[in-house]
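Secondary and tertiary structure notes
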Amino acid sequence: MNNHKVLTVTLNPSIDIGTEADEVITDQKTRCASPSFDPGGGGINVSRVLNRLGIYSDALFISGGYTGNLLKEMMKEENIPAIPIESPDKTRQNIAIIDNSIGKQYRFVLPGLVSDLNIWESALQKIDELTDQYDFIIASGSLPDGIPENTYSEIASIAKKHNSAFILDTSKSSLIKGIEQGAEFIKPNQEEFQEMKQIFGAATDSELYELLFQKGVKNIVHTHGKEKTLLITPESETSFTPPKINLRSTIGAGDSFIGGLVAGLIKGFTKQQAVGYGISAAASTLQSEGTDLCDAAEVEEIYSTNFQSHL
Ligand SMILES: Nc1ncnc2c1ncn2[C@@H]1O[C@H](COP(=O)(O)OP(=O)(O)OP(=O)(O)O)[C@@H](O)[C@H]1O
Ligand SMILES: [Mg+2]
């Protein structure tokens, strides 16, 4: 038993490699600068953001092969208690390269694989065993190939059984199937929202909000990049304007939002304040270089300037 209130779940973690080059060229060697290596995948990034904001979480993830061993080492270095589910399939690696000739970043994302369904069952069983300890179960990121698309709704059911709040941030079919058992919060961006609208056949945004509430989603954070973020509940709709930022890298913005939101809720903020805190964490991450995540002092400053007295 420990006093961590949050469990993050990352079924498709990664080793994230970041570097830059004068110019990315085809058919020749692109010489790159020294790389950075970070543990990655949605839930792991949320745990890293929570750590920076002084909220401690445990991170459950599937880990395999020598890259899985490296991932576990990296989690130790980050001081995040790891709950690895061992798999024979190697943990994937992703690479992001800034092309300095155009000032833009290429993000290459490789697939992960779980070839044995026993691994998936062990992960669900472990979550079920542990969930009584946690107030929040945060599932974030894609699902690896080989894992059923309804996995996140299975985790939602486990969370419901143990009275834990389930927070889901994912996309495509893992989002569509993942909300079948409801969720405390979901955070679709515009692309994810439009896709859901199409698949569920909703004619308007309001129609989709209503449908999601019927499925048991309690709070919808519908983000629109730098334009606005909406918090929709069955009772109210609040619009937030993100602060103007000096954009450096978009890596980790969504996970930083979720980390900030949950940190806010644990600190006893209102829902609106917690969303403001999430936007502040995302803004700080967007202003940091490459794979760097938010800085706690900067998050506080952005929050107090833009949101604290207004919410
Ligand atoms: N250009 C921007 N300026 C200021 N804030 C931004 C900008 N883009 C995104 N944000 C903030 O980041 C938060 C998360 O953004 P969003 O939901 O679009 O991320 P995402 O598309 O899920 O990203 P990810 O690739 O990390 O999953 C939003 O609440 C928004 O406030
Ligand atoms: Mg996202």
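Before going into details, it helps to say that this report is about the structure given with it. (Residues numbered from 1 in each chain as written. Chains lettered and ligands numbered in written order. Predicted model: local features only at pLDDT ≥ 70, side-chain atom pairs only at ≥ 80, totals over all residues. Heavy atoms only, no water.)

1. Observations concerning empty space enclosed by the protein
Put simply, the test is: Of the grid points, spaced at 1 Å and generated over the protein atoms alone, those admitting a 1.4 Å probe that cannot get out make up cavities, while open sets with protein on both sides within 12 Å along at least five of seven lines make up pockets; any residue with an atom within 4 Å of a point is treated as lining. Grid points are joined across faces, edges and corners, and a volume is the space filled by probe spheres set on the points. Secondary structure elements are defined from DSSP: runs of H or I of at least 4 residues count as helices, runs of E of at least 2 residues count as strands, and each element is numbered from the N terminus.
All chains considered together, the criterion is met by two cavities of 30 Å³ or more. Looking at the largest cavity, its volume works out to about 90 Å³. Contributing to the lining of the largest cavity are 15 residues, with Asn 12, Pro 13, Lys 90, Thr 91 and Leu 113 lying nearest its centre. The element best represented in the lining of the largest cavity is strand 4 (residues 57-64), accounting for three residues. Its boundaries defined by the atoms lining it, the second largest cavity holds a volume of some 40 Å³. If you go around the second largest cavity, the residues you meet are Asp 16, Asp 38, Pro 39, Asn 45, Arg 48, Ile 251, Thr 291 and Leu 293. Put simply, the parts of the chain that give the lining of the second largest cavity at least two residues each are strand 3 (36-40) and helix 1 (42-52).

2. Structural notes on helix 10 (residues 296-306)
The following threshold applies: Whether a residue is buried, partly exposed or exposed follows from its accessible area with a 1.4 Å probe, protein chains only, as a fraction of its type maximum: under 20%, in between, or over 50%, in that order. Within this analysis, the arc is defined by the directions that extend from the helix axis to the C-beta atoms. What makes two residues a contact is simply this: any of their non-hydrogen atoms within 4.5 Å.
All buried positions along helix 10 are accounted for by Val 299, Ile 302 and Tyr 303. Looking straight down helix 10, one finds that the buried residues subtend no more than 95° of arc, so they occupy a single side. Counted as exposed and oriented over 90 degrees from the buried face of helix 10: Ala 297, Glu 301 and Thr 305. Buried residues along helix 10 sit in contact with helix 9 (271-286).

3. Topic: the environment of Tyr 303
Locating Tyr 303 in the fold gives a position in helix 10. Overall, Tyr 303 belongs to the buried group, its relative accessible area being 2%. A sequence separation of 27 residues divides Tyr 303 from Gly 276, and the C-alpha atoms of the two residues are 6.7 Å apart. Ignoring anything within four residues of it in the chain, the contact list for Tyr 303 reads Phe 269, Gln 273, Gly 276, Tyr 277, Ser 280 and Gln 308.

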